[in-house]
Every structure is written in C-alpha cells, then in structure tokens.
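Coordinate analysis (summary)
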Protein chains: 2
Amino acid sequence: MTDLKRSWVESANSAETQFPLNNLPYGVFSTEGGSPRCGTAIGDQILDLAALEEAGVLSFAGTLKTGSWNAFMALGKPEWDRLRAELTTLLAEGSDAEATLSAHLVAQSDATLHMPFSVTEYTDFYAARHHAFNVGSMFRDPENALPPNWLHIPIGYNGRASSVVVSGTPVIRPNGQTKAPTEEAPKFGPSQRFDIELEMGAIVGTPSNGPITVSEAFDAIFGYVLMNDWSARDIQAWEYQPLGPFQSKATATTISPWIVTAAALEPFRTTGPEREKPLLDYLFEPKPMIYDIDLEVTLAPEGKDETVIIRSNYNNMYYSAAQQLAHHTSSGCPMRVGDMLGSGTISGPEKGSRGSLLEMSWGGKEPLTLDTGETRSFVEDGDTLTLKGAAHGDGYKIGFGECVGKVLPARPVTN
Amino acid sequence: MTDLKRSWVESANSAETQFPLNNLPYGVFSTEGGSPRCGTAIGDQILDLAALEEAGVLSFAGTLKTGSWNAFMALGKPEWDRLRAELTTLLAEGSDAEATLSAHLVAQSDATLHMPFSVTEYTDFYAARHHAFNVGSMFRDPENALPPNWLHIPIGYNGRASSVVVSGTPVIRPNGQTKAPTEEAPKFGPSQRFDIELEMGAIVGTPSNGPITVSEAFDAIFGYVLMNDWSARDIQAWEYQPLGPFQSKATATTISPWIVTAAALEPFRTTGPEREKPLLDYLFEPKPMIYDIDLEVTLAPEGKDETVIIRSNYNNMYYSAAQQLAHHTSSGCPMRVGDMLGSGTISGPEKGSRGSLLEMSWGGKEPLTLDTGETRSFVEDGDTLTLKGAAHGDGYKIGFGECVGKVLPARPVTN
C-alpha cells in the first residue's frame with residue numbers, strides 16, 4: 001500500500017477527502033455559462049484540464065478540450081500513463097506549477113458534473129456469487145439456486161447504453177407489463193417493485209476486434225465508476241424468460257461523475273472469493289484483478305435523513321472485470337472505446353451486504369426498517385438512493401464521488 | 001398497389017430489377033480511390049447523392065456528403081419525405097434533369113457498398129410465433145413450447161451493435177464455451193452448431209426520450225434492411241439461462257447494403273397472423289403495420305452452386321416493428337437515431353419456411369439435402385449464406401440487394 005502523496009492543494013491532503021493526489025479521477029464539469037470540459041478532482045477542487053491544454057501546459061491532441069473522455073481514451077494506454085504522471089508532478093507539494101495551475105482550479109461546489117464519457121455500449125454481468133444465489137433462490141428454485149453455468153462463465157447480458165445517466169439525474173419510475181402468478185392476464189402500469197443494484201462499471205479504453213486474453217483485457221480497462229442499475233423486479237419476473245431482462249433494466253443506470261483510473265486503483269488489487277471449480281484456460285487470471293473497495297448504499301425518504309442500508313465490498317466479485325471483458329470478446333465480439341461493463345450486483349455473504357432491496361427484503365417478505373422508523377421493501381417515490389465507494393490506503397482514501405438518484409412518480413399511462 | 005413508376009434510367013423499368021423508381025433505397029458506396037458517400041440505387045446504377053448535394057441539385061444540410069445515413073435521418077421525417085419526392089421527380093421518365101444527373105450515375109458493378117448507417121444500439125426480438133414455438137420445443141419443453149408471456153409481450157433482448165456488419169463481410173466461426181448435457185464440464189472451442197437467422201432490421205430515424213405510441217413508433221422508423229443474425233446454438237444453449245443469449249449472438253449480424261424506406265414499403269402493408277389473445281392498450285396497432293415481403297435464403301458450399309433452403313415472408317410476424325419499438329420505449333428507455341430493431345427469426349408454418357437451420361434440421365436430427373447432394377444440419381466452413389427479399393408490386397418488385405456472408409474457420413484457441 002503506498003502512502004498519501006501530498007499536494008499543494010491543501011484539501012487534498014486530508015484523510016477525509018475522496019480525492020487525494022493518489023486518486024486523480026477524471027470527470028466532465030461546467031461552471032455557469034461555460035461548456036462541459038474535462039477535469040480532474042483534487043481535494044475539494046477541480047483542475048480544469050481543458051484550460052491547461054488550451055494554455056499549452058498539457059498536450060494531448062486537444063482531447064482534454066472535448067466534453068467527454070472518449071477521445072482521450074482513444075489515444076491509448078501510454079498517453080493515459082503520461083497524463084497521470086504529468087498531473088502527479090504538477091500537483092505535488094513543492095511543484096513550481098502552483099502559480100500557473102491555481103488559476104485553473106474550480107471549487108467543486110461551483111461546478112456542475114456531467115456524464116464523464118459517452119457510453120458506446122453497455123453490458124451488465126452477474127458476477128457476485130451471493131447475488132446469483134439469492135436471486136436464483138427467489139426467482140427460481142432454492143434447491144438449485146445457482147445456474148449450472150455460473151461457476152464456469154461470467155454470465156452477462158447486453159444492457160441499454162442510452163439509459164445510462166450521470167449522478168443527480170432524476171429517475172422516473174417505469175411503467176411496464178407485469179403479471180403476478182395469481183393473475184390471469186398481465187396488466188400495464190407503474191412498477192410496484194422498483195429496485196436498485198449496487199454495482200461497479202468498468203470502462204473499456206482500448207478497442208479490440210477479436211478475442212483478447214484476460215491480461216490484455218486488464219490493460220484495456222481505463223477506469224471504474226460506481227453504478228446503480230435500477231431494476232423493476234415485477235417487470236423483470238414476467239418478461240425475462242427466455243431471453244433475459246429487457247425493459248426491466250432499461251429505465252436508467254446511474255453512474256458516478258468521476259472515473260477512477262485503473263492506475264489509481266492498482267495498490268488495491270486483491271483476490272475474490274475462493275474458486276469452487278477450475279476455470280477454462282481462456283479465463284485464466286495471472287494475478288489478482290479485483291479491487292478492495294468498500295461500498296455502501298444509503299436511502300433517504302423525501303425530506304428525511306438518509307440511512308445506510310447496504311455495506312459491501314467489490315472483492316465479493318467471483319469474476320473480475322478483466323475476465324468479463326475477455327469472455328465478452330471470446331466470440332469475436334468487437335469492443336470499442338467507451339464500452340461499459342457492469343460488474344453485476346455486488347452482494348456479500350451477510351444480510352447487510354446484499355446489493356439490492358430484492359435481496360435485503362427477501363422479495364418483500366422482510367422489509368427493512370430505516371433510521372427514520374419507516375420500512376422499505378422496494379424503492380418508493382421521493383426516495384433518494386446514493387452509492388458511495390472508497391479504497392482505503394494508509395492515511396488516505398480514494399473515492400468516486402457520489403452516485404445519486406431520486407425516484408419520481410411514474411408517468412401517466414397513455415396510448 | 002401502385003404501378004411501376006417509369007424512370008429515364010432504363011434498367012430501372014425492368015420487372016426483374018430490385019431497384020425501380022418506386023424503391024429508391026439508401027446506401028453508402030465508394031468507387032476506386034474515393035471515399036464512402038450516400039447514394040440511392042436505381043436499376044443497375046447508383047445515383048451519387050453526395051455529388052448532387054455538392055453540385056447544389058439537392059440541399060440537405062450537407063448530410064448526403066457524409067459516409068452514413070445517420071445525419072440525414074436526424075433531419076426528421078419531413079426531410080425524409082422531401083428527399084424522396086425530389087428524387088422521384090428527378091429520376092422520372094421525361095424529367096429534364098437527365099442530362100445533369102447522368103454524370104452522377106455509377107454502375108453498381110463498379111461500386112463497393114459499405115455499412116449504410118452507423119448502428120447506435122441493436123435490439124433483437126422474438127416475434128414470429130412459429131419460430132418461438134419451434135425453438136421452445138427444442139430448447140425447453142415441447143408441451144409448453146410458447147413462453148407464457150409470448151402472446152402478450154414483444155419479447156426482445158439487447159444485442160451487440162459493434163458486431164453488425166454489411167453484406168459481404170466474412171464471418172469467422174466463433175469459439176465459445178459449450179457443454180453437452182452428457183458432459184461433466186464445459187469446454188472451449190469452435191462452435192459446432194453455427195447457424196443463421198432470417199430477419200429484417202427496422203432502423204429508428206426519430207429519437208425519443210420516453211414512452212411513445214405504436215403510431216408514433218411507426219412514423220419513427222426510417223426504413224428496413226435484411227438481416228442475418230448469426231447464432232451459435234451450442235454456445236447459446238449453455239449460456240442463455242438465466243440472462244439470455246450473449247456471446248452466442250455477438251459474432252456477427254449481417255445486414256443488406258440498402259435501406260428500403262418505410263415510404264417505399266407503404267403499399268405493401270398487411271396484417272400478420274391472427275391474434276390469439278387481446279393485447280394491452282399500449283400495443284394497440286391502429287392500422288396494419290407489417291409488410292408483405294417475400295424472403296429467401298440460399299446456401300452455397302465452397303465453390304459450388306447455391307440451393308434455396310428457406311422461403312418465408314415478413315408477414316409471419318406476430319408483432320410489427322412499430323409495436324416492438326413502442327414496447328421498447330415503455331420503460332422510458334431513450335431511443336436514438338440509428339438504433340436497429342431485429343424482427344426476430346421469421347419462420348412460417350411450413351417446414352420450408354423455418355427461418356433458421358436449427359429449425360430446418362430440427363436441432364440436427366433431420367439434415368437438409370442441398371441440390372449438390374450434400375447435407376447440412378448447421379453451417380459449415382466455406383458456406384456462403386445469402387438472404388434476399390422482395391415486395392411485389394404490379395409489374396415491379398422492391399428489393400434490398402443481397403445480404404451475404406461466407407463462413408471462415410474459427411481462430412485457433414489461444415490464451
């Protein structure tokens with residue numbers, strides 16, 4: 001574990017900040033009247049990288065002046081490494097760049113954060129053993145909860161990139177077809193079992209046009225975001241056989257505004273749960289590729305205080321993002337810059353570490369009691385759900401900002 | 001049914017051409033040394049629309065000079081209608097534009113065809129009753145072959161846009177995980193049951209950001225392409241539970257080079273199979289929205305003549321593309337210009353009209369005999385598969401060009 005790297009931005013040296021010099025996450029921000037531009041968070045500030053490229057302090061083919069990190073990602077890993085190295089030097093305590101850079105710091109409190117990248121395509125996986133077991137128990141057969149392929153394949157399905165939104169975007173409760181087992185025919189209306197999924201998203205920065213190895217996949221991942229994959233369980237239960245989740249997962253997926261780079265997370269690599277069956281060669285992981293990141297979810301009813309409802313860790317993943325990406329390419333499927341791979345719901349072994357309300361309330365049978373005294377089986381209108389994540393170093397932590405969504409009532413049903 | 005519209009391009013007046021003046025399909029082509037540009041097929045020629053916009057004969061905000069139809073689609077339906085009207089006038093027999101336009105005709109035999117549009121996201125449906133029944137019988141339970149939701153929901157799943165390729169692109173047989181029921185553990189290697197799916201793709205030309213009605217969806221569809229959704233059945237059988245097809249469908253999806261517009265297909269609207277259960281209101285179709293399009297598939301072994309192996313019709317669809325699109329938006333899922341909706345495999349009631357080899361050979365139990373005397377259960381290396389489609393008017397037909405793919409051997413397995 002490396003120590004805190006000290007910066008001349010004093011707020012970046014606090015043990016409380018999510019954004020010490022060790023982090024340098026990438027986002028897109030704007031200030032009043034300005035256009036969205038690339039920046040990095042440092043302490044309670046944002047360093048305006050577009051302005052630095054404009055001023056000639058940084059030189060990355062103009063990519064930092066765009067309102068998205070896609071063009072920068074397309075420059076390739078050596079350039080990713082160069083930017084991180086240059087920023088680390090420029091922002092370090094004692095750097096002689098302080099005078100120049102100070103003019104390009106914007107207080108985070110004065111900035112609006114936008115989608116940090118354009119999601120090219122979005123894939124969601126199913127990679128935490130406890131989540132797969134829990135959901136299998138409820139949706140299918142408790143005796144055979146884990147699907148037979150699960151210990152062999154990083155099971156995934158394609159999601160809907162157009163529905164990915166940045167933290168802070170309101171989420172409108174979806175309408176959809178549902179049918180309870182006791183009902184004769186389906187009905188159409190607001191989902192009654194609207195849920196969250198605590199996930200991480202891995203962002204592909206290096207394209208490929210054929211199968212790649214797990215090692216190549218690891219190097220192709222630019223960084224990670226927090227991800228809440230909103231899920232309408234009642235729509236899901238009725239629609240998902242035989243072709244998988246579709247409209248139940250297409251309302252919104254909220255991501256954190258900051259991309260934490262793989263480079264920043266490198267000191268936090270760790271192994272996941274014990275492997276129960278040997279994997280096929282193409283999924284061989286030459287080193288641990290999962291990260292030790294504490295995750296939590298809070299729920300705040302309209303106008304009330306938040307309660308921490310879930311505490312989990314990214315190390316509950318049975319498959320790493322690198323394994324998922326390698327599997328994703330195994331058929332020859334081309335991957336492009338800006339593709340996002342959702343980890344799948346990150347549930348741990350304890351009840352309090354289950355990554356969805358479906359699991360926390362065991363399908364609604366055991367409602368949670370919030371600190372406010374209210375209970376929840378699923379998300380209610382007006383609820384604000386917030387995901388947080390932090391990798392803990394020695395005297396510092398690395399965070400993603402918050403991944404927030406407030407649920408608004410469903411639209412009226414019209415035809 | 002309208003009659004043939006005669007053109008001064010003589011080859012467009014033949015009863016045999018796929019591209020009479022009634023059609024005017026949109027594609028992207030290049031000639032030696034030139035860059036890809038927008039064109040329309042007329043008889044055995046391509047009219048260079050980029051050159052016409054350059055010359056000021058057409059004026060569509062420069063969109064025809066791009067190498068894709070996406071920018072033009074984004075102009076909106078009134079502009080779609082205006083281009084079609086202007087081209088119909090310019091190319092009509094007796095038009096005084098003949099002298100000007102003749103210089104901008106390129107023989108199709110001299111042109112290379114490219115992807116006609118950039119696929120933003122790709123969704124595939126499951127909308128022919130006979131296909132759903134056949135596959136359900138083989139993959140699941142013959143007694144309950146049709147999933148309980150099937151008569152209520154246009155079942156779909158998200159596919160992989162990056163894998164969509166234009167006609168003529170070779171298709172490399174995928175490797176993947178498979179496990180026969182008799183095997184203890186899965187293995188990784190070339191798919192032994194590589195298959196085709198005869199489909200049509202509907203292209204979204206008008207974006208939406210919330211639920212739309214079936215009528216709005218009908219108007220949002222810019223046009224249609226032929227589509228072959230290559231499918232690895234052995235990979236699919238092992239991976240698809242519980243989240244649906246993934247790598248089995250991610251190798252390639254081949255589309256025709258020409259987009260036939262909804263306007264050109266308007267005279268061919270028809271009803272599909274009888275509805276067995278009433279649909280929920282949000283799927284109400286105020287007029288018939290399926291098209292009468294004859295479809296066929298041929299298979300040619302390496303260096304040998306082709307055999308017609310499948311004859312079907314787009315009117316086998318239980319759900320129209322408009323209903324699929326309306327359903328797709330029901331959860332609030334945003335749709336964007338260039339989204340493509342695959343119809344699902346278009347199987348009819350007769351054996352010869354089943355839209356996949358899986359169905360034609362009944363899972364390999366009843367291999368087809370080709371005209372060459374060879375047999376096929378699934379696709380073999382070196383086979384060329386070709387989809388064709390035509391809507392038949394009075395003395396003319398409207399086609400899509402050919403949708404061709406040749407299968408190459410799998411890549412060596414490496415790690």
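In the block above lies the structure referred to throughout.
So, here's what we can say about the structure. If you're wondering where the values come from, they're calculated on a predicted model, not measured in any experiment. (Residues numbered from 1 in each chain as written. Chains lettered and ligands numbered in written order. Predicted model: local features only at pLDDT ≥ 70, side-chain atom pairs only at ≥ 80, totals over all residues. Heavy atoms only, no water.)

1. What about the pattern of salt bridges?
All names here are of chain A.
- For the structure shown, the criterion picks out 52 salt bridges over all chains.
- Asp48 is the partner of Arg37 in a salt bridge, and the nearest nitrogen-oxygen pair spans 2.5 Å. Here Asp48 lies in strand β3 (residues 45-48) and Arg37 lies in strand β2 (residues 37-42), a separation of eleven residues in the sequence.
- Take Arg37: its relative accessible area is 25%, and that puts it in the partly exposed class.
- In this structure, the salt-bridge partner of Asp381 is Arg173, at a minimum N-O distance of 2.7 Å. Highlighted residues: Asp381 in the loop between β24 (375-376) and β25 (384-392) and Arg173 in the loop between β9 (171-172) and β10 (175-178), separated in sequence by 208 residues.
- Arg173 gets classed as buried once you look at its relative accessible area, which sits at 9%. (Salt bridge = Lys/Arg side-chain N within 4 Å of Asp/Glu carboxyl O. Helix = DSSP H or I, 4+ residues; strand = E, 2+ residues; numbered from the N terminus. Buried < 20%, exposed > 50% of the residue type's maximum accessible area, 1.4 Å probe, protein only.)

2. Regarding the nonpolar core
- By size, the foremost hydrophobic cluster in this structure holds 80 residues, and its most contacted members are B:Met200, B:Tyr224, B:Leu265, B:Ile293, B:Ile309, B:Tyr314 and B:Leu325.
- Every residue in contact with B:Tyr224, bar those within four places of it in the chain, is listed here: B:Met200, B:Gly201, B:Ala202, B:Trp258, B:Ile259, B:Val260, B:Ala262, B:Leu265, B:Tyr291, B:Tyr314, B:Ala321 and B:Phe400.
- Counting residues in hydrophobic clusters, the runner-up holds 79 residues, among them A:Ile309, A:Leu370, A:Phe378 and B:Trp238. (Core = buried A, V, L, I, M, F, W, Y, C linked by side-chain atoms within 4.5 Å. Contact = heavy atoms within 4.5 Å.)

3. Some details on the interface of chain A and chain B
- Between chain A and chain B, the residue contacts involve 60 residues of the former and 60 residues of the latter.
- Interface area for chain A against chain B, summed over the two sides, is near 5,500 Å², with a carbon-plus-sulfur share of 58%.
- A salt bridge links A:Asp339 to B:Arg160, with the nearest nitrogen and oxygen atoms 2.4 Å apart.
- At the boundary of chain A and chain B, one finds 27 residue pairs in polar contact (both at pLDDT 80 or more).
- Elements supplying a minimum of two residues to the side of chain A that touches chain B: β6 (122-125), β7 (156-158), β10, β11 (187-190), α7 (233-239) and α9 (321-329) of chain A. (Buried area = accessible area lost by both parts, 1.4 Å probe. Polar contact = N/O pair within 3.5 Å; in protein donor to acceptor, adjacent residues only side chain to side chain.)

4. With respect to the sheet that holds strand β2 (residues 37-42) of chain B
All names here are of chain B.
- The strand order across the open sheet built from five strands is β4-β3-β2-β1-β5, with neighbouring strands paired in antiparallel fashion. If you trace the sheet from one side to the other, it starts and ends with β4 (105-107) and β5 (112-114), each paired once. Strand-to-strand twist of the sheet, defined as the mean angle between neighbouring strand axes without regard to direction, takes the value 50°.
- Note: strand β1 (residues 26-30) against β5, three bridges, orientation antiparallel. The partner of Val28 across the bridge, within β5, is His114.
- Lying over the sheet, helix α3 (residues 77-91) contacts β1, β2 and β3 (45-48), oriented at roughly 65° with respect to β1. (Pairing = 2+ DSSP bridges. Axes fitted to C-alpha atoms, helices over the stretch in contact; angles between N-to-C directions.)

5. A closer look at helix α5 (residues 129-139) of chain B
- Among the residues of α5(B), B:His131, B:Ala132, B:Asn134, B:Val135, B:Gly136 and B:Ser137 are the ones counted as buried.
- Those residues of α5(B) that are buried are in contact with α10 (357-360) of chain B.

6. Remarks on the relation of the copies chain A and chain B
- Expressed as a screw transformation, the operator carrying chain A onto chain B has a rotation angle of 180° and an axial translation of 0.0 Å, and the superposed copies differ by an RMSD of 0.0 Å. Here the two chains are linked by the operation of a two-fold rotation axis. When C-alpha positions in chain A are compared against the rotation axis, the closest is assigned to A:Gly244, at 2.1 Å.
- When the interface residues of chain A are mapped onto chain B, 100% of them again fall at the interface, so both copies present the same face. (Least-squares fit on C-alpha atoms with pLDDT ≥ 70 in both.)

7. Quick notes on the packing of aromatic side chains
Residue and element names in this part refer to chain B.
- All told, the structure shown has 38 aromatic pairs over all chains when counted by the stated rule.
- With a centroid separation of 6.3 Å and 65° between ring planes, the pair formed by Phe268 and Tyr396 is classed as edge-to-face. Taken together, the positions of Phe268 in the loop between α8 (262-265) and β18 (269-270) and Tyr396 in the loop between β25 (384-392) and β26 (397-399) put the pair 128 residues apart, joining distant regions of the chain.
- For Phe268, a relative accessible area of 3% translates into the label buried.
- With centroids separated by 5.1 Å and ring planes inclined at 75°, the aromatic side chains of Tyr318 and Tyr319 adopt a geometry described as edge-to-face. (Phe/Tyr/Trp six-rings, centres within 6.5 Å; stacked < 30°, edge-to-face > 60°.)

8. Quick word on the sheet that holds strand β4 (residues 105-107) of chain A
All names here are of chain A.
- With respect to topology, five strands assemble into an open sheet ordered β4-β3-β2-β1-β5, the strand pairing being antiparallel. The sheet is open, and its two borders are formed by β4 and β5 (112-114), each paired with just one other strand. The average angle at which neighbouring strand axes cross in this sheet is 50°, direction not considered.
- Taken strand by strand, helix α3 (residues 77-91) contacts β1 (26-30), β2 and β3, and its axis lies near 65° from that of β1.

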